[in-house]
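The lines below spell out each chain.
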Amino acid sequence: MDLAYIPSPSTGVINLGPIPLRGYAFCIIIGVFVAVWYGNKRWIARGGTAGTVADIAVWAVPFGLVGGRLYHVITDYQLYFSEGENWVDAFKIWEGGLGIWGAIALGAVGAWIGCRRRGIPLPAYADAIAPGIVLAQAIGRWGNWFNQELYGRPTDLPWALEITESANREAGTYHPTFLYESLWCVGVALLVVWADRRFKLGHGRAFALYVAAYCAGRAWIEYMRVDEAHHVLGLRLNVWTAIVVFLLAVVYIVVSARMRPGREQIVEPRADEDVRGGKTLTAENAEGVDAAEKDGVVEDAEPKDVTPDADSDEDAEHGAGNGAGSAAKS
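Keep in mind it's a predicted model, so treat the numbers as computed, not measured.

The rules we used
- Residues numbered from 1 in each chain as written.
- Predicted model: local features only at pLDDT ≥ 70, side-chain atom pairs only at ≥ 80, totals over all residues.
- Heavy atoms only, no water.
- Axes fitted to C-alpha atoms, helices over the stretch in contact; angles between N-to-C directions.
- Helix = DSSP H or I, 4+ residues; strand = E, 2+ residues; numbered from the N terminus.
- Left-handed = near helix turned anticlockwise from the far one by under 90°.
- Contact = heavy atoms within 4.5 Å.
- Nonpolar A, V, L, I, M, F, W, Y, C, P; charged D, E, K, R; others polar.
- Buried < 20%, exposed > 50% of the residue type's maximum accessible area, 1.4 Å probe, protein only.
- pLDDT = per-residue confidence, 0-100.
- Core = buried A, V, L, I, M, F, W, Y, C linked by side-chain atoms within 4.5 Å.
- Phe/Tyr/Trp six-rings, centres within 6.5 Å; stacked < 30°, edge-to-face > 60°.
- Pairing = 2+ DSSP bridges.
- Polar contact = N/O pair within 3.5 Å; in protein donor to acceptor, adjacent residues only side chain to side chain.
- Expected span 1.5 Å × (residues − 1).

Quick word on the packing of helix α1 (residues 23-45) against helix α2 (residues 52-75)
Okay, so step 1: Axis separation between α1 and α2 bottoms out at 10 Å; the angle between their running directions is 145°. Both α1 and α2 take part in a crossing whose hand is right-handed. Between α1 and α2, the residues in contact are I28, V32, V36, G39, N40 and W43 and T52, V53, A54, A57, V61 and L65, respectively.
Okay, so step 2: Taken together, the residues of the contact of α1 with α2 sort by class into 9 nonpolar, 3 polar and no charged.

Considerations on the side chain of H203
Okay, so step 1: Looking at the secondary structure, you find H203 in the loop between α7 (177-199) and α8 (205-224).
Okay, so step 2: The exposure class of H203 is buried, given its relative accessible area of 10%.
Okay, so step 3: Once residues within four sequence positions are removed from consideration, H203 is found in contact with P123, D127, Y252, S256, R260, P261, G262, R263 and E264.

Description of the environment of A128
Okay, so step 1: The topology assignment puts A128 in helix α5 (residues 122-140).
Okay, so step 2: The exposure class of A128 is buried, given its relative accessible area of 0%.
Okay, so step 3: Considered as a pair, A128 and A206 are 78 residues apart in the sequence and their alpha carbons are 8.0 Å apart.
Okay, so step 4: In this view, A128 contacts G39, R42 and W43; residues no more than four positions away in its chain are not counted.

What about the confidence of the model for the protein?
Okay, so step 1: Residue-level pLDDT values for the protein average 83, and 81% of them are 70 or greater.
Okay, so step 2: Every residue in residues 279-330 is under pLDDT 50, and counting partners more than four places away or in other chains gives 23 contacts.

A look at unusual backbone geometry
Across the chain, the bulk of peptide bonds are trans and the bulk of non-glycine residues have phi less than zero.
Okay, so step 1: A positive phi is found at K200, a non-glycine position, where the angle reads about 50°.
Okay, so step 2: Note that K200 resides in the loop between α7 and α8.
Okay, so step 3: Unlike most non-glycine residues, L233 shows phi in positive territory, near 55°.
Okay, so step 4: Relative to the helices and strands, L233 is located in the loop between β5 (231-232) and β6 (235-236).
Okay, so step 5: For L233, a relative accessible area of 76% translates into the label exposed.

Overview of the nonpolar core
Okay, so step 1: Counting 39 residues, the largest nonpolar core has W43, W101, Y125, F207 and Y210 as its most contacted members.
Okay, so step 2: Among the secondary structure elements, those contributing two or more residues to this core are α2, α4 (100-118), α5, α7, α8 and α9 (237-259).
Okay, so step 3: Among the elements that take part in this core, α8 stands out by supplying 10 residues, more than any other.
Okay, so step 4: Beyond its immediate sequence surroundings of up to four residues, W101 is in contact with Y71, Y214, C215, R218, N238, T241, A242 and V245.
Okay, so step 5: Core analysis: the next-biggest nonpolar cluster, separate from the first, contains 7 residues, I6, L161, I163 and Y174 among them.

Structural notes on the packing of aromatic side chains
Where two aromatic rings form a pair, the distance of their centres and the angle of their planes describe that pair.
Okay, so step 1: A complete count under the given rule lists 12 aromatic pairs for this structure.
Okay, so step 2: With a centroid separation of 6.2 Å and an interplanar angle of 75°, the aromatic rings of W87 and F91 are classed as edge-to-face. Each of the two residues, W87 as well as F91, counts as exposed.
Okay, so step 3: Each ring, one from W142 and one from W145, has its centre 5.7 Å from the other, and the planes form 80°; the classification is edge-to-face. Here W142 pairs with W145, and both are found in helix α6 (residues 142-147), just 3 residues apart, close to one helical turn.

Digging into the pairing of strand β1 (residues 13-16)
For a regular strand, the rule is simple: side chains alternate between the two faces of the sheet.
Okay, so step 1: Pairing of β1 with strand β2 (residues 19-22), which is carried by 4 bridges, proceeds in the antiparallel orientation. Bridge pairing in β2 places L16 opposite I19.
Okay, so step 2: Hairpin connection of β1 to β2: 2 residues between the antiparallel strands, including G17 at a positive phi of 65°.

Examining the side chain of N144
Okay, so step 1: Mapped onto the elements of the fold, N144 is located in helix α6.
Okay, so step 2: Residue N144 is classed as buried on the basis of its relative accessible area of 4%.
Okay, so step 3: Side-chain polar atoms of N144 contact the side chain of E149, separated by 2.9 Å.
Okay, so step 4: Aside from chain neighbours lying at most four places away, what touches N144 is Y24, E149, L150 and F178.

Focus: α4
Okay, so step 1: The end-to-end C-alpha distance of α4, which contains 19 residues, comes to 26 Å, matching closely the 27 Å that a straight helix rising 1.5 Å per residue would cover.
Okay, so step 2: Of all the positions in α4, only I100, W101, G102, G107, G110, A111, G114 and C115 are classed as buried.
Okay, so step 3: Taken together, the buried residues of α4 touch α2, α5, α8 and α9.
Okay, so step 4: Note on α4: the residue one or two positions beyond its end, G119, has a positive phi of about 70°.

Structure representation (structure tokens):
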């Protein structure tokens, strides 16, 4: 008899009248908000303006969701297109099934579009949001807990996850791989924040560090899982994906450090232009300053030449003499 274990929710859905509230969807939404909020703080600290991260996320998040779902459906096509399966289930994203590899790949395409529209370098943006993304992953993994999915091998450890009986699973206690990955992601976020402060990472290297560190953990956690998956040379497909992506990230860090050392001085041209008299304007009053410049209210920030010429020196001498004469009369 197990003395201790992590219980699973009896249901992953709470119905408020006709509206179903799904735990998996809530975890994804909360994760997105955390990523945008923390990414915004880091972007401002790098010299960007408030709101830019959210504006680009409008492009990145939908692309990421589509990419994550596509990767899952393609790599687990038998769940939707085999005999007896309903292909319409491939669109039921709320039931679980988002591949992080596809989410990051297609999400990067969306972020590139958003960055290009604002004239922002994608690597700098990626560095700013990297810790937020991995924190979003840490939160999103709890959606698997609500759905009782993606657990590991059977175990009787005190932190084992209790799984209840259903058509696709056998009751028992298993390794809570969702919890392992969630904790690993929190550790990766802390690592990236520390390394970024310590080494002033730039040109996409903070993002590459996140990718490499995440893949290192995902490989061994994926190896523990017992859900159905395709295998290549005896290893799960996602294990191979983690290994390949890890190597690519490490190569990028090394090559980038040699070709483009240091960190970007300007990450957002708009923010740099909003500096007036040594003071950085907030995003709220930047538009007001631009309008004032058009009306001729704001003077050029560059100092004007105030070197006196010969005529002005003569005028100054005459003025001094006249003042002395006036003072003597009084």
